[in-house]
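Inside the fold
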Amino acid sequence: MRPEKVRDFHDGLFELRCAAEDIATAADEGASSDDLRVLCDELVSLARKMEKLR
């Protein structure tokens, strides 16, 4: 894998982790289902972006 792809992969993993942590924090703080839905949509979008880094 080229160095740029490795960097992009690591950056993407960091973004995924942060998005997952945001969902966990929001749930712990009693976020509404609409707010959680937005955060989950973002997580799915990031995961799809990661899938393209082949």
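Placed above this text is the structure.
Here the structure is a predicted model, which means the values were calculated and not measured. (Residues numbered from 1 in each chain as written. Predicted model: local features only at pLDDT ≥ 70, side-chain atom pairs only at ≥ 80, totals over all residues. Heavy atoms only, no water.)

**Remarks on the nonpolar core**
Membership of the largest hydrophobic core is limited to five residues, which are Leu16, Ala19, Leu46, Met50 and Leu53. At the level of elements, α1 (3–28) and α2 (33–51) are the ones that each hand at least two residues to this core. If sequence neighbours within four positions are ignored, Leu53 has contacts with Met1, Lys5, Asp8 and Phe9. (Core = buried A, V, L, I, M, F, W, Y, C linked by side-chain atoms within 4.5 Å. Buried < 20%, exposed > 50% of the residue type's maximum accessible area, 1.4 Å probe, protein only. Helix = DSSP H or I, 4+ residues; strand = E, 2+ residues; numbered from the N terminus. Contact = heavy atoms within 4.5 Å.)

**A look at the pattern of salt bridges**
Tallied over the entire structure, the rule returns five salt bridges. A salt bridge links Arg7 to Asp8; the nearest nitrogen and oxygen atoms lie 3.3 Å apart. Residue Glu15 pairs with Lys49 through a salt bridge whose shortest N-O separation is 3.5 Å. In this pair, Glu15 sits in helix α1 while Lys49 sits in helix α2, placing the two residues 34 residues apart along the sequence. (Salt bridge = Lys/Arg side-chain N within 4 Å of Asp/Glu carboxyl O.)

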